[in-house]
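# Descriptive structure summary
If you want the building blocks of each chain, they are given just below.
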Amino acid sequence: MIFATEEINNSTELLPGVKLGYQIHDSCASVPVAMHAAIQLLNGNDPVFNSGNNCSQSGVLMAIVGEFGSTSSMSISRVMGPFNIPLVSPYSTCACLSDKKQYPTFFRTIPSDQFQAGALAKLVKHFGWTWIGAVRSDSDYGNNGMAAFLEVAHREGICVEYSEAFFRTNPRSKIKRVADIIRRSTSKVVVAFAAIGDMKILLEELAQDPPSRQWIGSEAWVTEPQLLSYTFCAGAIGVAIQQSVIPGFRDFLLDLSPNEVGDSSVLTEFWEDAFNCSLTESEFCFSKTMCNGKEDLKTLQSPYTETSQLRITNMMYKAVYAIAHAIHNALFRKENFTLLQTSRLESKEVFTELKQVNFSQNGYHVSFDANGDPVAFYELVNWQKNESGVIDRLTVGYYDASLSEGQKFRINRKITWVEGGTQVPVSVCSESCSPGTRKVLQKGKPICCYDCIPCPEGEISNITDSPDCFPCPREFWPNAKKNACFPKPVEFLSFGEVLSIILAIFSVSGACLAIITGMLFFYHRTTPIVRANNSELSFLLLFSLTLCFLCSLTFIGAPSEWSCMLRHTAFGITFVLCISCVLGKTLVVLMAFKATLPGNNVMKWFGAPQQRMTVVSFTFIQVIICIVWLVVSPPFPVKNLTTYKEKIILECALGSAVGFWAVLGYIGLLAVFCFVLAVLARKLPDNFNEAKLITFSMLIFCAVWITFIPAYVSSPGKFTVAVEIFAILASSFGLILCIFAPKCFIILFQPEKNTKKYLMNKNQQ
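Every chain begins its residue count from 1, and numbering advances along the sequence as written. Given that the model is predicted, a residue must reach a pLDDT of at least 70 before its local features are reported, and side-chain atom pairs must reach 80 or more before they are shown or counted; all residues, however, enter totals for whole chains, interfaces and linings. To obtain the side-chain values, all non-hydrogen atoms of the structure were used and water was disregarded.

Going along the chain from the N terminus, every DSSP run of H or I of four or more residues is numbered as a helix, and every run of E of two or more is numbered as a strand. Of regular secondary structure, the protein chain possesses 21 helices and 24 strands. The rule is simple: take the accessible area with a 1.4 Å probe, protein chains only, and divide by the maximum for that residue type; under 20% is buried, over 50% is exposed, in between is partly exposed. Burial status across the protein chain gives 48% buried among its 765 residues. Sequence separation of at least 24 residues holds for 65% of the intrachain contacts in the protein chain that already meet a minimum separation of 6. Throughout, the Shrake-Rupley method with a 1.4 Å probe supplies accessible areas, and for residues the shown protein chains are the sole cover considered. Accessible surface, the protein chain as shown: approximately 37,600 Å² in total, 59% of it carbon and sulfur. Two residues qualify as a contact provided that any one of their heavy atoms is within 4.5 Å of a heavy atom in the partner residue.

Right under this line is the structure:
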């Protein structure tokens, strides 16, 4: 402060012709002592401003520079506020001092703890620490600073395992309890918002059993040289006031003579400690020799002579210059820079001008916002061991509150962590939940403590620490890790599947068997076994069986609009044609027996034309049913998303269930009717036992389709189609084998039975 004042007094640009005076009071870090000094200054206030060469005896109190402690500044500001005397502090950081209603005349050149709290919270968040401990000074600085930090940390999703307050005058048991809490905690990061004296007491206690912790420090202690001796804190990182160099300040400090030192009790104590000598003779001091006047400060290695990393000193320097600029603006006209002709200068005028100061000194900008706070700028300081094992404070980045949100925080140098580690330490209550899981909070614990639960079936999470899982779209399904949705596989009975190939082979084989049988019958069409019971119906039956075998192929492959309509209608019509032929053959057996009775001429009324008409009539009814079904509500392809959750079944919807069951019901009705007639005719005299063969074939047909209904309803997905194809093939093979196999056997292997003479002998018997 003295250096800045003398520099201003020697300036020809700032306050030319005006000399600033000062009084320095030591508050001894005590609020009562600080208040006593403030009241002394008020009582000595002289309202007369002297523009001559000599100042008044008591001086004019225009402003106060101080105090260092926030609590002291709060007390002094409350006293000075009613008198409009500005208080400019270089070190009071409590955010509460920004309240202009309580502290209207308070200004500071150091940033508010509100910015520091935000910077510390951003720092913790940047390195992924979500589970931390917190300790603070039990003072306005510590309590308000930690409260601001915890508020920002909560918004950033950071959880605090413990938050303990202590003060350097607390009993040792209280300090030990705080140290034990730090040792027992599970969090690996400790944020300390404490003053230098309080932090020194805590570290002394921790040094007895040092825990491995990553320390995050506030500006009050993280740059303090005295604390660097606690090597277990190596790797500590924190925010610090911007370091600076004040030109000429080192020379000013070194320009001290023993005579000048002797006039100040503070300098006397410093000089005697630095050179281990005594400036005055004392009967109580026998261990020190008398200073000889040859002591040279330039040869001294101490913090006093180290001016390359000034931090708080620069805040004091800027505070003095801010007051000087305010006085300058109050005294001089900006138009012609002439001194106002006035004999009075009120502190209120200085207070008003102080709000508007805006200047740069040695490259450092100085201005105040509406709350009396400067623009916040912090350096990030890291405690790193050098090659000799001594801890140095290195600047590794910065935090600039004036920049945009994404640009405020920057790290431009490698950081050394706790125990000399190069990897960022991990401090979390629970490990991050990987994609595919969701967080479930543990009961009674902070939000950072949770369990990772796998997403339920059909749901995914594609981000880390997802609070919820969300379902995939209807046509998508999660992968095995449940972190992404993929299109569900589409399933249908394709021609490439083994089951489809087997069914197709049987279908084609059945059609070929029917064609070969037809060719065999055509070749032996003049023989009795072919001509018996209307050979025309036999050929028509073989033709319909060929269509029945082939229509099963329409059920294989991807369903389309045309294939869905074709497969059901073709199946219904061909089967009715088949059953109609069998029914016609059964009626022929019955009519033939009736015709052998005396006086019965029934065959006249049931000849070949009538038989053809019977087949056409029954088939036409089925055609009508199918046409109505196709017109009203035809089958159509549909994606079945309900049978299986993990895949899509491409199948044919019935359109109208009534139409489908009407087609099946009509087939069943004809089959039952045919079966009943065949049973009635099974014991009637017949050539080659055809009635019995029809009875057995219809028994198989009915059995197949009766068992088909529950199998069809209960079969899932593509197996529904496979069941339908199996029923078609089974019933078709039953008909062709039961009706035509015995006749083919006789034609091929027992030709002697296929003669008119054999039939006549058989009938006579």
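So, on to the sheet that holds strand β23 (residues 636–640). Within the open sheet, the three strands sit side by side as β22-β24-β23. Their pairing is mixed. Because the sheet does not close on itself, it has two edges, and the strands there are β22 (490–491) and β23. Between any two strands, at least two bridges found by DSSP are needed for them to pair. Bridge analysis of β23 against strand β24 (residues 648–653) gives five bridges, and the strand direction is antiparallel. Of the residues in β24, the one forming a bridge with Lys639 is Leu650.

Let us now look at the pairing of strand β5 (residues 159–166). Inspection of the sheet shows strand β4 (residues 131–137) paired to β5 by seven bridges, in the parallel sense. Of the residues in β5, the one forming a bridge with Trp131 is Cys159. By convention a crossover is right-handed if, when the strands point away from the viewer, the path from the first strand over the helix to the second runs clockwise. As a crossover connection, the stretch from β4 through helix α5 (residues 140–155) into β5 is right-handed.

Moving on, we get to the side chain of Asn640. Positionally, Asn640 belongs in strand β23. Whenever two N or O atoms come within 3.5 Å, that pair is a polar contact, provided that in protein one can donate a hydrogen and the other can accept it, and provided that, for residues adjacent in sequence, both atoms are side-chain atoms. A distance of 3.0 Å separates a polar atom in the side chain of Asn640 from a polar atom in the side chain of Thr642. At 3.0 Å, the side chain of Asn640 and the side chain of Glu651 are in polar contact. Those residues in contact with Asn640 that sit more than four places away from it in its chain are Lys647, Ile648, Ile649 and Glu651.

Turning to the pattern of salt bridges, a few remarks are in order. Only one rule defines a salt bridge in this text: a Lys or Arg side-chain nitrogen within 4 Å of an Asp or Glu carboxyl oxygen. In the structure shown here, the tally under the stated rule is 16 salt bridges. The partner of Glu156 in a salt bridge is Lys122, with the nearest N and O atoms 3.1 Å apart. Remark: Lys122 occurs in helix α4 (residues 113–126) and Glu156 occurs in the loop between α5 and β5; sequence separation between them is 34 residues. For Lys122, a relative accessible area of 27% gives the class partly exposed. In the salt-bridge network here, residues are joined through shared partners; they are Lys122, Glu156, Glu405 and Lys408.

So, on to the confidence of the model for the protein chain. This prediction gives the protein chain a mean pLDDT of 84; 90% of its residues lie at or above 70. pLDDT expresses, on a scale from 0 to 100, how confident the predictor is about each individual residue. Put simply, helix α21 (residues 756–764) is where the protein chain has its lowest mean pLDDT, 62, and strand β6 (residues 189–193) is where it has its highest, 96.

Turning our eyes to something else, we now look at the nonpolar core. What is meant by a nonpolar core is a set of buried Ala, Val, Leu, Ile, Met, Phe, Trp, Tyr and Cys residues, joined one to another through side-chain atoms within 4.5 Å. Judged by nonpolar contacts, the single largest core of 66 residues is most densely connected at Phe571, Met698, Phe701 and Trp705. If you list the elements that add at least two residues to this core, you get α13 (498–523), α14 (528–531), α15 (535–551), α16 (561–595), α17 (608–632), α18 (657–681), α19 (690–714) and α20 (718–749). The residues touching Phe701, leaving out its near neighbours within four places in the chain, are Phe575, Ile579, Ile667, Ala671, Ser731 and Leu735. The next biggest cluster of nonpolar side chains, apart from the first, holds 37 residues, and it includes Ala134, Ala148, Ala153 and Val191.

This part is about the sheet that holds strand β3 (residues 106–108). The strands making up a sheet associate through backbone hydrogen bonding, with each pair oriented either parallel or antiparallel. If you trace the three strands from one edge of the open sheet to the other, you get β1-β2-β3, paired in parallel fashion. Of all the strands in the sheet, the pair left with one neighbour each is β1 (64–65) and β3. In terms of strand pairing, strand β2 (residues 87–89) meets β3 through three bridges, oriented parallel. Bridge assignment links Val88 to a residue of β3, and that residue is Phe107.

Now for the pairing of β24. Moving residue by residue along a regular strand, the side chains alternate between the two faces of the sheet. Of all the six residues making up β24, five are buried; the element is thus mostly covered by neighbouring parts of the structure. In terms of strand pairing, β22 meets β24 through two bridges, oriented parallel. Of the residues in β24, the one forming a bridge with Glu491 is Ile649.

Attention now goes to helix α12 (residues 347–354). Of the positions making up α12, those classed as buried are Ser347, Val350, Phe351, Glu353 and Leu354. Burial along α12 is one-sided: seen end-on, the buried residues are contained in an arc of 165 degrees. Buried-residue contacts for α12 involve β2, β3 and α11 (312–331). Note: the arc covers the axis-to-C-beta directions of the helix.

Turning our attention to the environment of Ile175. Mapped onto the elements of the fold, Ile175 is located in helix α6 (residues 172–184). Ile175 sits in the buried class, given a relative accessible area of 4%. C-alpha of Ile175 to C-alpha of Glu164: the two residues are eleven residues apart in sequence and 10.0 Å apart in space. Dropping the residues within four chain positions of it, Ile175 is found in contact with Phe166, Phe167, Asn170, Ile201, Leu202 and Glu205.

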